[in-house]
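Spelled out, the chains give:
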Amino acid sequence: MNVQQLTHLPDLPPAVWVAGLVAFLVAVLLTITKHLHGHLTMDGLAGVQKMHAVPTPRVGGIALFAGVFAGWLFGAAEPSALLGVILVAGLPAFVFGLAEDITKRVGVAARLAATMASGLIGWAITGVALTGVDVPYLDPLMGNIVIGVAVTTFAVAGIANAVNIIDGFNGLASGFVAIASAGIATLASLAGDTTLAIASLTISAAITGFWLMNWPFGKIFLGDGGSYFAGFALAWLCVLLVERNANVTAFAGLLVCIHPVTEVLFSIFRRRMSRSSPGAPDARHLHTLVMRRVVAPRLRRLHEGDPDLVFKVQNPVTGLLLASMSLPPVLLSLLVWDQPAYAAISCIGFALGYITLYARLVRFRWCSPVTFLFVKPRRIILGR
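A quick note: this is a predicted structure, and the numbers were derived from the prediction, not measured. (Residues numbered from 1 in each chain as written. Predicted model: local features only at pLDDT ≥ 70, side-chain atom pairs only at ≥ 80, totals over all residues. Heavy atoms only, no water.)

Undergrad: Even after reading the chapter, I still don't get unusual backbone geometry, so can you show me in this structure?
TA: Among all residues save glycine, negative phi is the norm, and among peptide bonds the norm is trans. The omega torsion across W215 and P216 is 10 degrees, close enough to zero to call that bond cis. We note that K104 has phi near 60 degrees; this positive angle belongs to a residue other than glycine. By secondary structure assignment, the location of K104 is in the loop between α6 (91–103) and α7 (108–126). Residue class for K104 comes out partly exposed when judged on its relative accessible area of 38%. (Helix = DSSP H or I, 4+ residues; strand = E, 2+ residues; numbered from the N terminus. Buried < 20%, exposed > 50% of the residue type's maximum accessible area, 1.4 Å probe, protein only.)

Here it is in structure tokens:
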């Protein structure tokens, strides 16, 4: 790969700008009309994961969906065909998530099933499923359609739920998806797939339009509907990237999504260690620890005597800091996108880096990830 390849992205078509503009305007409209729908759509202050100061609308997913719909409506035929599948197949993830945003009564299992259904519908519409993941003993099995569809459905649901898990601070989940989908667009362009590049940029533009109202002041939240739909869209783009371009390794798509994927797998592990439900909310995610043990103490030293300012600023600062963690793996993916071994090693490296950072935050000293995971691992839960 040379510099000329890396910088050769398609000119942005009008549909990309329209998607971003519509998402932004719908987010603004939802914000200024919250007095009309707030009794249904507000996110309250009670809960271990709540980090905001005032009740806030949590239906930003409507803005994202509207932006993608506008991109589909005004786009060229081929990119719009890809966006149309994302809109239709993503409906279960979006609708069940939005129902939770409004009713607060849709269980974790139902939402997980909805994201899996979205992956299954995506395959049913297009016939596209992963046929290989560059893993020697698994790839021969992927030729079986049942196994291929099952792996695809599981992977899509996993990424959708992973994006939902990291949606804890202003600009975090939306910033990650904007960066990751732009990364997918660049990878597609490097592989010569301009159609997928434009579709990915449209998703990135739509989520960026929402982001402008979410960061820094959190005027509206993505909500479960938005995070599940954004996660599904990103996951489906990854599937398309690998299946439409034989020279792109599946590990490149995983590398782009490595932050939330590591987050969800590690969260399952530590919750098993504490004998709690894998779907139970808690305040021990990496982003929460970074805020409490890195960002907040430093802000307090900078703004002594003004605790209100510290409280207001710590949320967006943490969100921006954690979203920016997505940049290094995305940039590295541009170098190893066609080299499975190097891409796989990169994924392992970033996952171990995540665990090492987590260990530092809970033990207050550096230690190896192997020691942290397997030597008295209950300290992961106790934070000692």
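Undergrad: I tried to follow the packing of helix α4 (residues 61–74) against helix α5 (residues 77–89) on my own but got confused; where do I start?
TA: A pair of packed helices can be characterised by two numbers: the angle between their axes and the separation between those axes. Taken N-terminus to C-terminus, the directions of α4 and α5 make an angle of 150 degrees; their axes are 9 Å apart at the nearest point. As judged from the angle between their axes, α4 and α5 are roughly antiparallel. The way α4 lies across α5 gives a crossing that is left-handed. Between α4 and α5, the residues in contact are F65, V68, F69, G71 and W72 and S80, L83, G84 and L87, respectively. Taken together, the residues of the contact of α4 with α5 break down into 6 nonpolar, 3 polar and no charged. (Axes fitted to C-alpha atoms, helices over the stretch in contact; angles between N-to-C directions. Parallel < 35°, antiparallel > 145°, perpendicular 65-115°, else oblique. Left-handed = near helix turned anticlockwise from the far one by under 90°. Contact = heavy atoms within 4.5 Å. Nonpolar A, V, L, I, M, F, W, Y, C, P; charged D, E, K, R; others polar.)

Undergrad: Can you help me understand the state of the cysteines in this one?
TA: By definition, a disulfide links two cysteine residues through a covalent bond between their sulfur atoms. All told, the structure shown has 0 disulfides when counted by the stated rule. Free cysteine: C347, not disulfide-bonded; nearest cysteine sulfur from C257 at 9.6 Å. (Disulfide = S-S within 2.5 Å.)

Undergrad: Any chance you could explain the nonpolar core here in plain terms?
TA: Ranked by size, the top nonpolar core spans 86 residues in total, and within it L187 and F372 carry the most contacts. Looking at this core, the element that brings in the most residues is helix α11 (residues 223–244), giving 13 residues. Formed by 7 residues, the second largest nonpolar core is a distinct cluster that contains F251, V336, A344 and C347. (Core = buried A, V, L, I, M, F, W, Y, C linked by side-chain atoms within 4.5 Å.)

Undergrad: Is there a simple way to think about a nonpolar patch on the surface in this case?
TA: A contiguous nonpolar surface patch, about 420 Å² in accessible area, is contributed by F69, W72, L73 and F74. Turning to its location among the elements, F69 is positioned in helix α4. (Patch = residues over 30% accessible without salt bridge, like charges linked within 9 Å, V, L, I, M, F, W, Y side chains within 5 Å. Areas by Shrake-Rupley, 256 points an atom, 1.4 Å probe, with all protein chains shown as cover. Salt bridge = Lys/Arg side-chain N within 4 Å of Asp/Glu carboxyl O.)

Undergrad: Which parts of the structure should I look at to understand the environment of I32?
TA: Here I32 is to be found in helix α2 (residues 14–32). For the pair I32 and K219, spaced 187 residues apart in sequence, the C-alpha to C-alpha distance is 9.4 Å.

Undergrad: Which parts of the structure should I look at to understand the side chain of T262?
TA: Relative to the helices and strands, T262 resides in helix α13 (residues 258–273). Its relative accessible area of 9% is what places T262 among the buried residues.

Undergrad: Where do I start with the pattern of salt bridges in this structure?
TA: Note on pairing: side chains with opposite charge can pair once their charged atoms come close. According to the stated counting rule, one finds 4 salt bridges in the structure shown. Residue D193 pairs with R244 through a salt bridge whose shortest N-O separation is 2.8 Å. Of this pair, D193 sits in the loop between α9 (172–190) and α10 (194–214) while R244 sits in helix α11, and the two are 51 residues apart along the sequence. Take D193: its relative accessible area is 6%, and that puts it in the buried class.

Undergrad: Whenever I open this one, the environment of M42 confuses me. Can you help?
TA: Tracing the backbone shows M42 in strand β1 (residues 42–43). Look past the residues within four positions of M42 in its chain and what remains in contact with it is K34, P55, T56, P57, R58 and K104.

Undergrad: Whenever I open this one, the side chain of T115 confuses me. Can you help?
TA: Structurally, the position occupied by T115 is in helix α7. Those residues in contact with T115, other than ones at most four positions away along the chain, are A93, V156, A157, A160, N161 and Y228.

Undergrad: Teacher, can you tell me more about the packing of aromatic side chains here?
TA: Going through the model one piece at a time under the given rule, you end up with 12 aromatic pairs. With a centroid separation of 4.7 Å and 10 degrees between ring planes, the pair formed by F65 and F94 is classed as stacked. Taken as a pair, F65 in helix α4 and F94 in helix α6 lie far apart in primary sequence, 29 residues in all. For F65, a relative accessible area of 17% puts it in the buried group. Judged by its relative accessible area of 8%, F94 falls in the buried class. When the ring of F266 is compared with that of Y354, the centres are 5.9 Å apart and the planes differ by 70 degrees; the resulting orientation is edge-to-face. In this pair, F266 is assigned in helix α13 and Y354 in helix α17 (residues 340–363), connecting sequence segments 88 residues apart. Residue F266 is classed as buried on the basis of its relative accessible area, which comes to 5%. (Phe/Tyr/Trp six-rings, centres within 6.5 Å; stacked < 30°, edge-to-face > 60°.)

Undergrad: What should I look at first to understand α5 in this one?
TA: Within an α-helix, residues lying three or four positions from one another point in the same direction, as the helix has 3.6 residues per turn. Over its 13 residues, α5 extends 18 Å from the first C-alpha to the last, a length consistent with the 18 Å expected when each residue adds 1.5 Å. If you check which residues of α5 are buried, you get P79, S80, L82, L83, G84, V85, I86, L87 and A89. (Expected span 1.5 Å × (residues − 1).)

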